[in-house]
Amino acid sequence: SDGRVMNRQQLLIEALWFKPYCEKAYHSLGTTLPADETVTLKDGRVMGKQQLHIEALHYLDKIAPAYLSLASLLSAGGTVTLSDGRVLGQRQLYMEALRCDRQVATVYFDLANDLSAGETLTLSDGRVLGQQQLYIEALRYNREYAPAYHSLGNALTGSQTVMLNDGRELNKRQLYIEVLRCNPYHTGAFINLGMLLSESEKVKLSNGRMMNQRQLLLEALRCDPGGDFEYMQLLSSSKVAKQLYGRTMNQRWLDSDALRLSQDHARAYCALGSALSGSETVTLDDKITLNKRQTFIEALRCN
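Draft legend 1. Region of interest: helix H3 (residues 49–59). Taken as a whole, H3 has its buried residues at Lys49, Leu52, His53, Ile54, Glu55, Ala56 and Leu57. The elements touched by buried residues of H3 are helix H2 (23–32), strand S1 (38–40), strand S2 (46–48), helix H4 (64–73) and strand S3 (79–81).

So this is what it looks like as structure tokens:
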């Protein structure tokens, strides 16, 4: 009513002038601030993002997002001192967030990633959970959370299965299929699912598509055309690798208007050369046939 034009940050500062104990205003102000900036309140205090979240928890210690924001600001091994004197690391901040709200899937996932193999932790409600159980808990609260399915798939070996809270029992392959149901552009899931198949085998995805190993790996490259080629070294002894590299290089060449070669091409040629025996040759999709020596020469030409 006084004619002032104010943005969100200025409105929150104004709110704290009239209500300096408003925990929501401190937290909201913290979310508007970049990690390396400070803000000056009307009472003269100069506060950064971390200080604002600490102040929010000073007035109400049950704000899960404030604990999560503080955790995201910490470097590995770092700690933060709260206004009540507690010194908490990243893992402890995640556990405090779950004390406030036990239904945040991402917190279970982050805690699981923080654990080493065979390690467990005790939550504030008394539950003792290991890495796999934490991933399962993440899926309890968000059935569409692709990263948790993917991590569970990576954690299983051979014919192992895992029982989810909704009663489904899934093996490694089924977990990767679930990843792609939730995120059809998940490069890692295409790669890992492809690596589980034999050259002649096909798998049916949740959208009905039937795909073989080569198609899955090509799909991975389509989803991430700028990605590294190092993971393709896993296929260095297979015919699939030779076919795949040929298709990949040709497609990337076309994508760059056939005029510009990148360092990615060099790595692809090197990997292709490594896959060939001394007398073997490979024919690319553009009908060029190369032997082992010629692929390495092409790699040098790219650089």
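Draft legend 2. Examining the packing of H2 against H3 more closely. Running from N to C, H2 and H3 cross one another at 160°; their axes reach a closest spacing of 8 Å. The orientation of H2 with respect to H3, classified from their angle, is roughly antiparallel. For the pair H2 and H3, the crossing hand works out as left-handed. On H3, the residues touching Glu23, Tyr26, His27, Leu29, Gly30 and Thr31 of H2 are Lys49, Leu52, His53, Glu55, Ala56 and Tyr59. A class-by-class count of the residues in the contact of H2 with H3 yields 5 nonpolar, 4 polar and 3 charged.

Draft legend 3. Just the side chain of Ser28, in detail. For Ser28, the location among the structural elements is in helix H2. Residues within four places of Ser28 in sequence aside, it is in contact with Arg8 and Leu12.

Rules of the game
- Counting restarts for each chain: residues are numbered from 1 in the order of the written sequence.
- At least 70 in pLDDT is required for a residue's local features to be given in this predicted model, at least 80 for side-chain atom pairs to be given and counted, and no such filter applies to totals for whole chains, interfaces and linings, which use all residues.
- By convention in this description, side-chain values take in all heavy atoms of the structure and omit both hydrogens and water.
- Partly exposed describes any residue whose relative accessible area lies between the buried limit of under 20% and the exposed limit of over 50%, with all areas from a 1.4 Å probe on protein chains only and scaled to the type maximum.
- Secondary structure counts use DSSP, requiring at least four H or I residues in a row for a helix and at least two E residues in a row for a strand, with both numbered from the N terminus.
- Contacts are assigned to residue pairs that have any heavy atoms within 4.5 Å of one another.
- Axes here refer to lines fitted to C-alpha atoms; in helices the fit is confined to the stretch in contact. Angles between the N-to-C directions go from 0 to 180 degrees.
- The scheme is simple: roughly parallel for angles under 35 degrees, roughly antiparallel for over 145, roughly perpendicular for 65 to 115, oblique for anything else.
- Note: crossing handedness is left-handed where the near helix turns anticlockwise from the far helix by less than a right angle, and right-handed where it turns clockwise.
- Think of it as three bins: nonpolar holds Ala, Val, Leu, Ile, Met, Phe, Trp, Tyr, Cys and Pro, charged holds Asp, Glu, Lys and Arg, and polar takes everything else, Gly as well.

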